[in-house]
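Inside the fold
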Amino acid sequence: MEQPTGFVLAIDAVTRHVNSARPDAPVRPERPRVARLAPARLVAADVLRRLADRIQPAPVWRRRSASSSGTRAPACGCVP
């Protein structure tokens, strides 16, 4: 056997894996992970959202009139 330590580690890993699949295996709840760089990600998302709105603004809808059937027309004044 060339690498006995590797063999022992592999057998231990396989045994743990097989034993964890048993129906009576102990269950350990996962620890909640701390969000890394959460504030920076929120700021970046806000900046990208503002940039996207500046590049391609969302369409603005307005009501045609009170007598319409509740449909909306584009703000450009064109009729669909």
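Residues numbered from 1 in each chain as written. Predicted model: local features only at pLDDT ≥ 70, side-chain atom pairs only at ≥ 80, totals over all residues. Heavy atoms only, no water.

1. Focus on the overall build of the protein chain
Across its full length, the protein chain holds two helices and two strands. In the protein chain, which comprises 80 residues, the share counted as buried stands at 2%. Roughly 8,200 Å² of accessible area belongs to the protein chain as shown, and the carbon and sulfur atoms make up 60% of that amount. (Helix = DSSP H or I, 4+ residues; strand = E, 2+ residues; numbered from the N terminus. Buried < 20%, exposed > 50% of the residue type's maximum accessible area, 1.4 Å probe, protein only. Areas by Shrake-Rupley, 256 points an atom, 1.4 Å probe, with all protein chains shown as cover.)

2. Brief notes about unusual backbone geometry
Non-glycine residue leucine 37 carries a positive phi angle of around 60°. You can call leucine 37 exposed: its relative accessible area is 64%.

3. Observations concerning the pattern of salt bridges
All chains considered together, the criterion is met by three salt bridges. In this structure, the salt-bridge partner of aspartate 46 is arginine 49, at a minimum N-O distance of 3.8 Å. Here the residue aspartate 46 and the residue arginine 49 both occupy positions in helix α2 (residues 38–55), the gap between them amounting to three residues, near one helical turn. With a relative accessible area of 28%, aspartate 46 lands in the partly exposed category. In this structure, the salt-bridge partner of arginine 50 is aspartate 46, at a minimum N-O distance of 3.2 Å. Residue arginine 50 and its partner aspartate 46 are located together in helix α2, separated by four residues, close to a single helical turn. (Salt bridge = Lys/Arg side-chain N within 4 Å of Asp/Glu carboxyl O.)

4. Observations concerning a nonpolar patch on the surface
A surface patch of nonpolar side chains, about 270 Å² in accessible area, is lined by Phe7, Val8 and Ile11. Its location among the elements puts valine 8 in helix α1 (residues 4–20). With a relative accessible area of 46%, valine 8 lands in the partly exposed category. (Patch = residues over 30% accessible without salt bridge, like charges linked within 9 Å, V, L, I, M, F, W, Y side chains within 5 Å.)

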